[in-house]
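Here is how the chains run, residue by residue.
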Amino acid sequence: MRKFLVAGNWKMNTNRQSGVALAAEMAAVAKTGEPGVEVLVCPPYPYLLPVADALKGSAVSLGAQDVYFEAPGAFTGAVAVEMLKDCGCQYVILGHSERRHVMGETDEVINRKVRAALRGGLKVILCVGELLKEREGGLTEKVLDTQMQGGLADVSEQDAGQIVIAYEPVWAIGTGVTATPEQAESAHEHLRKWLTSRYNATFSGQMQILYGGSVKADNAESLLGQSNVDGALVGGASLKAASFVPIIEAARKLWK
Ligand code: PGA
């Protein structure tokens, strides 16, 4: 059975003090050696080190929200894979809709980042998802196919073993509107079929596919209860232990 991954994407939020305090609360909640549920937090770059300190000795994993694809050098403002590793990151989120639609990242750029991260030994959470007008136009699956094809271009089966997919319908991110469990399951099923045809059924069956978009305490159990939903990528509700812990609890309940 696939493990659940419950990931907090803090986006451009928190400060050093609140980030460290939140990390310490999460460290107290995540149990070492828990078989079925992994907890991950992804703070902004400047807080990676203090958050890593606060997580030390706990079962909470650390991730970044983006990375640049080049090796260290003259790239003003950019952060390299090995720097993230040096700060204690195991994961990096790539292809988030805010990077795609606010910062204008293309599938080609995302793919270069995916390959650089994998080459450098980071696990990748690759986000894919359609805009509202694309869903309304019946284009959801086509958009997902394009983003998967682009993001995973030239990624071997062996390397893809370090990837987690996150299905995040753009219309559900930060809006309070959540995909219904049926809409999420249908997209996840489609993604798993795509992975089967690109790689193979065994591989596809092992890959974690997270749902993201207004996941909260009161909808987590029904979303995570879908057979192809293997966790959550949580934005707003990950900024307070009181709203994030119930999502972890929902995963624990379903795992038993
Ligand atoms: P949200 O964000 O939970 O605030 O909708 C999810 C995400 O963008 O990963």
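Presented here is a report on the structure given in the accompanying data block. (Residues numbered from 1 in each chain as written. Predicted model: local features only at pLDDT ≥ 70, side-chain atom pairs only at ≥ 80, totals over all residues. Heavy atoms only, no water.)

This part is about the pairing of strand β7 (residues 209-212). A two-sided burial pattern is seen for β7, the buried positions comprising Ile209 and Tyr211 on one face and Leu210 and Gly212 on the other. In this structure, strand β6 (residues 163-167) lies alongside β7, joined through 3 bridges in parallel fashion. Note that in β7 the partner of Ile165 across the bridge is Ile209. Here β7 pairs with strand β8 (residues 231-234) via 2 bridges, running parallel. Across the sheet, the residue bridging to Gly212 is Leu233, located in β8. Note that the unit made of β7, helix α11 (residues 217-224) and β8 has a crossover that is right-handed. (Buried < 20%, exposed > 50% of the residue type's maximum accessible area, 1.4 Å probe, protein only. Helix = DSSP H or I, 4+ residues; strand = E, 2+ residues; numbered from the N terminus. Pairing = 2+ DSSP bridges. Right-handed = clockwise from strand over helix to strand, strands pointing away.)

With that settled, the discussion passes to the sheet that holds strand β4 (residues 91-94). In space, the 8 strands of this closed barrel follow the order β1-β2-β3-β4-β5-β6-β7-β8, with parallel pairing throughout. Going across the sheet, the axis of each strand differs from the next one's by a mean of 25°, ignoring polarity. Packed on one face of the sheet, helix α2 (residues 48-55) meets β2 (37-42) and β3 (61-64) and runs near 170° to β3. This element, helix α7 (residues 140-151), spans β5 (123-128) and β6 of the sheet and lies at about 150° to β5. (Axes fitted to C-alpha atoms, helices over the stretch in contact; angles between N-to-C directions. Contact = heavy atoms within 4.5 Å.)

Now for the packing of aromatic side chains. Under the defined criterion, the tally for this structure stands at 4 aromatic pairs. With a centroid separation of 4.8 Å and 45° between ring planes, the pair formed by Tyr199 and Phe203 is classed as tilted. The exposure classification of Tyr199 matches that of Phe203, with both residues buried. Members of the aromatic cluster, connected to one another through ring pairs, are Tyr68, Phe69 and Phe75. (Phe/Tyr/Trp six-rings, centres within 6.5 Å; stacked < 30°, edge-to-face > 60°.)

Taken by themselves, the reported measurements are silent on function.
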